[in-house]
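Remarks on the overall topology
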Amino acid sequence: VMSHCPMAPPSRVFQMFGALLLLAASLSAQNTRWDRPTCTEGVVSVSRGGRAVLACNSSNPFVYITIRLCTHGQNQTIFDKKTPGNFSMGAWQLEVRGGWAQLVIQPTQDAHAGLYLWHLQGLQRHNKETRLNVSEPQEHELERGPLLSMSPEPQEHELEWGPLLSMSPDETLS
């Protein structure tokens, strides 16, 4: 009588094969470096004519960045660039170095307000968004100027030291 080797049922073979695939995928995921980007979140508010800064950081270098401005139902591409580098378009300036990207808008105008959509590509792809509000400058922001011009009359100590600074070494006070 000829004996046969016991054969595993097909369902058992598929289960073992599935377990091996799951193990391989798990090991692969543990060896992958995730980008984990963090960006300026929520709403950024700036006065018209001011400087707005939006930024993103990643644990891996960015290789490509697209920034779009969505406002009044329209979608405008501001930058669509292979990185690293410095890029500018009007009041927008983008600087990208490794896993660091910064968008500076100066001077801000009403046309710069809206939802900024970032598409970031490092080892993975990520989408982030930040809203920029541009408001009227406050009254005290309009009155800024050099501190020296805000004092209408010289202070007492300035009167004492002023003549001494302009005297030659052999002059004396009368």
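These numbers come from a predicted model, not from an experiment.

Broken down by element type, the chain carries three helices and ten strands. In the chain, the succession of helices and strands from N to C terminus is α-β-β-β-β-β-β-β-β-β-β-α-α. Across the 174 residues of the chain, 26% fall into the buried class. Carbon and sulfur atoms make up 57% of the accessible area of the chain, which amounts to about 12,800 Å² in all.

Structurally, the position occupied by E95 is in strand β7 (residues 92-97). It is 9.5 Å that separates the C-alpha atoms of E95 and A55, two residues lying 40 residues apart in sequence. Residues within four places of E95 in sequence aside, it is in contact with G85, N86, W100, A101 and Q102.

Here we have five strands laid out as an open sheet, ordered β2-β10-β9-β4-β5, and mixed in their pairing. Both edges of this open sheet fall to β2 (43-47) and β5 (74-82), since each of them pairs with a single strand only. Taking each pair of neighbouring strands and ignoring which way they run, the sheet shows an average axis angle of 20°.

On to the side chain of T83, then. Examined against the element boundaries, T83 turns out to sit in the loop between β5 and β6 (85-89). There is a polar contact of 2.6 Å between the side chain of T83 and the backbone oxygen of F62. Apart from residues lying up to four places away in sequence, T83 is in contact with F62, V63, Y64, I65 and V96.

Rules used in this analysis
- Residues numbered from 1 in each chain as written.
- Predicted model: local features only at pLDDT ≥ 70, side-chain atom pairs only at ≥ 80, totals over all residues.
- Heavy atoms only, no water.
- Helix = DSSP H or I, 4+ residues; strand = E, 2+ residues; numbered from the N terminus.
- Buried < 20%, exposed > 50% of the residue type's maximum accessible area, 1.4 Å probe, protein only.
- Areas by Shrake-Rupley, 256 points an atom, 1.4 Å probe, with all protein chains shown as cover.
- Contact = heavy atoms within 4.5 Å.
- Pairing = 2+ DSSP bridges.
- Axes fitted to C-alpha atoms, helices over the stretch in contact; angles between N-to-C directions.
- Polar contact = N/O pair within 3.5 Å; in protein donor to acceptor, adjacent residues only side chain to side chain.

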